[in-house]
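Summary of structural features
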Amino acid sequence: MSIKVRKKKIAGNYKVKEPINNFKIRVRIVQQRPLLAELLENEGDNARDTNFLEEEDRIFGWQQKVFSPFEVNFYSEEANCLTESQKLYHRQIKETDITGSLLYTFTQNDPYYSKNELLTRPYRTRLGNRNQTALPVLQNRKPFSERYNKMVVDDAPDETRIRTNHYLYADHSTMYVMVDLLQRDKILTGSDGDNETMLCVITYDGLHKILSVNPDFTDDRCYVITNSSGVQFNYWIEHASQKPSSLELQQQQNESRREIKERLMYKEAEISHGLQPIPPNVYKFFIKLDILSVHEFFFNGLCVSYYVDLPKHWSTSQQDRLFGRTQRSNLKNNTAYFSYATEIALDFQSVCPLDGNNVLPSWPRLLLSVTSLDTWFRWIDKMYYNVI
């Protein structure tokens, strides 16, 4: 007696580097033999119930539509076809004489949703719930007719507007691999749970190029599914994509090079506005000023003001950084701490190139002023200066 080990159904995510159209998946399903036949070592195929699916094996391409027997009967009637995709299915069935397969698919164009995807109550995304608690509630007390923005409904929103005004990210395509486990002698007049048994859900995120397979591909172990009559089936999911040809590899390399060139062009366009060439005979100095603390003072409420005095031939494009003031700080053991940091870019216009023998005629001066309050709440200023 052979021992079959069941595999736990866990989804798998894969990073896709090739075109998703090359993806293929193989699904094989076999009806379990009765326990009595296993005990008696009966290897005959007649041990299985012929009134149900016995064995089926099929390879599916990405978004490949395979019809079930119920769909063939349903779409054969032109009155049942309302959407453009359904009308297309009707023409395909009539022109190619499709009979239907017990292993079939639902693509992105089919009106099918699994049970856990249906919204039975108002849905709010996780980002929406977090923003509601993070930001204060805006209360507009004016009536709606008096508000400034009355165009709250866009009759024809474009794709960019939809993406920027919705939290729910839905830029992905989904494909379902289904199986018909219904009794063959049962007359089906509508949708039934057995004839729409889901085996696998395949989702592709085109933005991040991530392929999700739920449940994941199988190895030696198999998945087990049971229909409403209690008949159990084993099924396997395998990756059946073929290796790309040399021409496809060359096309992928060309596409990658094109994307890299576009990214470099975007980066160059962004950096070029921030970086400008320096005129000749102009030397740029970057001064980092860090005011840490002051010592040996006796009054609280201390703050330090600074001013950079530029002599002749010195200039800067950051005039607002030539002066500033720290925050007020109280004393601790006659010491006040600030940890105030800033950076200033200075330009020096030189007549002749500088080398080891030439010396700058003058340097900028740094003026410091320490201000505090005495016991009578009067301001006390003490001036200091230093050469940068």
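Residues numbered from 1 in each chain as written. Predicted model: local features only at pLDDT ≥ 70, side-chain atom pairs only at ≥ 80, totals over all residues. Heavy atoms only, no water.

Named according to an unreviewed UniProt entry, the chain is Meckel syndrome type 1 protein homolog originating from Ceratina calcarata.

Regarding the pairing of strand S6 (residues 197-205)
Counted residue by residue, S6 has seven buried out of nine residues, so it is predominantly covered. For strand S5 (residues 172-179) and S6, the ladder comprises eight bridges, and the chain directions are antiparallel. Bridged to serine 173 within S6 is tyrosine 204. Bridge count between S6 and strand S7 (residues 210-214): five bridges; the pairing is antiparallel. Across the sheet, the residue bridging to threonine 203 is serine 212, located in S7. (Buried < 20%, exposed > 50% of the residue type's maximum accessible area, 1.4 Å probe, protein only. Helix = DSSP H or I, 4+ residues; strand = E, 2+ residues; numbered from the N terminus. Pairing = 2+ DSSP bridges.)

Comments concerning helix H3 (residues 84-96)
Between its terminal C-alpha atoms H3 stretches 18 Å, which fits the 18 Å expected from 13 residues at 1.5 Å a residue. Those residues of H3 not exposed but buried are Ser85, Gln86, Tyr89, His90 and Ile93. The buried side chains of H3 occupy one side of the element, clustering within an arc of 150° when seen end-on. Seen from the open side of H3, the exposed residues pointing more than 90 degrees away from its buried face are Glu84, Lys94, Glu95 and Thr96. Residues of H3 that are buried make contact with helix H2 (69-76). Remark: aspartate 97 follows H3 within two positions and exhibits a positive phi of approximately 55°. (Expected span 1.5 Å × (residues − 1). Arc of directions from axis to C-beta. Contact = heavy atoms within 4.5 Å.)

Brief notes about the pattern of salt bridges
Counted according to the given criterion, the structure contains 10 salt bridges. As a salt-bridge pair, glutamate 238 and arginine 26 come within 3.5 Å of each other at their nearest N and O atoms. Here arginine 26 lies in strand S2 (residues 24-31) and glutamate 238 lies in strand S9 (residues 232-239), a separation of 212 residues in the sequence. With a relative accessible area of 29%, arginine 26 lands in the partly exposed category. Residues joined by salt bridges that share partners form a network here, namely Arg26, Asp57 and Glu238. (Salt bridge = Lys/Arg side-chain N within 4 Å of Asp/Glu carboxyl O.)

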